[in-house]
Amino acid sequence: MNPMPTAPGSVEPGTVVLVTGGARGIGATLGRHLAAEGAAVVTADVVEPAWDVDGSGVTHVPADVSDEASWRHLVDTTLDRHGRIDALVNNAAVYQGLGDKRPFTDITVEEWDRVMAVNTRGVWLGMRAVHPTMKQQGHGRVVNIASSTVHMGVPFFAHYTASKGAVIALTRSVAREVGRDGITVNAIAPGLVETEATRALNDDEYLATSAGRRAVPRRMEPGDLAPAVSFLCSRGSGFITGQTLIVDGGVAFS
Ligand SMILES: NC(=O)c1ccc[n+]([C@@H]2O[C@H](COP(=O)([O-])OP(=O)(O)OC[C@H]3O[C@@H](n4cnc5c(N)ncnc54)[C@H](O)[C@@H]3O)[C@@H](O)[C@H]2O)c1
């Protein structure tokens, strides 16, 4: 058990959380937020962090989530440092690097395979890598970052939406396999979040129109996702599994 009581919806202090894609964007915000709540955070990414991980007490490990050996190194480093892994946030994805939106007929096989390798295989490899530890602990939380593009059927993004649809399917399937081990697996499907990556892919008019379509009609920041992630990483969420929580200000309703 974690040592200290905590506010409902927050992660318990001391919870060991691994956040992939934590160098920038949403992953950086999640890493900062979880660390501020008292979690022991390890971030992983293929690029160097664009924020002060050391100053936040966060450990950063260079790792490619599409690569099995990277996962072994990441799990070993986390266990060496913290002795356990309570939660995994599978946030890394090819998103900023997608390039311009374009018809499905114009996506190359190489682009398709790369997106699937990182966004889908990476999530599966991550769950597979932490499973022995979580099973032995009799406790674990997995939060997979999907996307509401799956629910909205966003066009000109076929490889990306397919990769995130597969994340939702994987979440359900693995949740059924590991529930008896004390492990929950859930997905969060964010709407359009204003990050550097989003601004590179969408012009301001599109972002403003998207904001206006929400039941809560404003722009979405990475921080809007953080409380949902904390909750799903906390012990209090233990009877929720296999679910996809859409966090988009009220556009898609599941
Ligand atoms: N921004 C949005 O509007 C939005 C909406 C829905 C879902 N999402 C999802 O949220 C997550 C974060 O998105 P973001 O906006 O911060 O995008 P981003 O591109 O800024 O961040 C993704 C991070 O993943 C890292 N990454 C890429 N390939 C990797 C690999 N092979 N191994 C390890 N790390 C790797 C990148 O370096 C980057 O730091 C992604 O899963 C994205 O698909 C974003």
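Coordinates for the structure precede this section.
Just so you know, these numbers come straight off a predicted model, no measurement behind them.

About the thresholds
Residues numbered from 1 in each chain as written. Predicted model: local features only at pLDDT ≥ 70, side-chain atom pairs only at ≥ 80, totals over all residues. Heavy atoms only, no water. Helix = DSSP H or I, 4+ residues; strand = E, 2+ residues; numbered from the N terminus. Expected span 1.5 Å × (residues − 1). Bend = angle between axes of the 7 residues up to and from the residue. Buried < 20%, exposed > 50% of the residue type's maximum accessible area, 1.4 Å probe, protein only. Pairing = 2+ DSSP bridges. Axes fitted to C-alpha atoms, helices over the stretch in contact; angles between N-to-C directions. Contact = heavy atoms within 4.5 Å. Phe/Tyr/Trp six-rings, centres within 6.5 Å; stacked < 30°, edge-to-face > 60°.

Peer 1: With reference to specific residues and values, describe helix α3 (residues 109-137).
Peer 2: Quick reminder: α-helices carry 3.6 residues per turn. Residues three or four places apart thus point the same way. If you check α3, its first and last C-alpha atoms are 41 Å apart, about what 29 residues at 1.5 Å a residue would give, namely 42 Å. Along α3, the sharpest change in direction is near 45 degrees and occurs at His131; proline Pro132 comes one to four residues later. Taken from the residues just after α3, Gly138 is the one with a positive phi, measuring 70 degrees.

Peer 1: Would you mind going over the pairing of strand β6 (residues 183-190) in detail, with residue names and values included?
Peer 2: The buried fraction of β6 is high, at eight of eight residues. Burial of the side chains of β6 extends over both faces: Ile183, Val185, Ala187 and Ala189 are buried on one face and Thr184, Asn186, Ile188 and Pro190 on the other. Looking at chain direction, strand β5 (residues 140-145) and β6 are connected through six bridges and run parallel. If you follow Ile145 over to β6, its bridge partner there is Ile188. Bridge count for β6 against strand β7 (residues 244-247) is four bridges, and the pairing is parallel. Following the sheet pairing, Ala187 is matched in β7 by Thr244.

Peer 1: Outline the sheet that holds strand β4 (residues 87-90), supporting the account with residue identities and numerical values.
Peer 2: Pairing between the strands of a sheet is mediated by backbone hydrogen bonds and can be parallel or antiparallel. Read across the sheet, seven strands follow the order β3-β2-β1-β4-β5-β6-β7 without closing on themselves; strand pairing throughout is parallel. Strands at the two margins of the open sheet, each flanked by one partner only, are β3 (59-62) and β7. Strand-to-strand twist of the sheet, defined as the mean angle between neighbouring strand axes without regard to direction, takes the value 20 degrees. Contacts from helix α2 (residues 68-82) reach β1 (16-20), β2 (40-45), β3 and β4, with the element oriented near 155 degrees to β3. Against the sheet, helix α5 (residues 158-178) engages β5, β6 and β7, with an angle of about 160 degrees to β6.

Peer 1: Describe in detail the packing of aromatic side chains, supporting the description with residues and values.
Peer 2: The tally for this structure, following the rule as stated, stands at two aromatic pairs. With centroids separated by 5.4 Å and ring planes inclined at 35 degrees, the aromatic side chains of Tyr95 and Tyr160 adopt a geometry described as tilted. Note that Tyr95 is positioned in the loop between β4 and α3 and Tyr160 in helix α5, a separation of 65 residues in sequence. With a relative accessible area of 18%, Tyr95 lands in the buried category. The buried category is assigned to Tyr160, whose relative accessible area is 7%. Each ring, one from Phe157 and one from Tyr160, has its centre 5.0 Å from the other, and the planes form 45 degrees; the classification is tilted. Grouped by ring-pair contacts, the aromatic residues Tyr95, Phe157 and Tyr160 constitute a single cluster.

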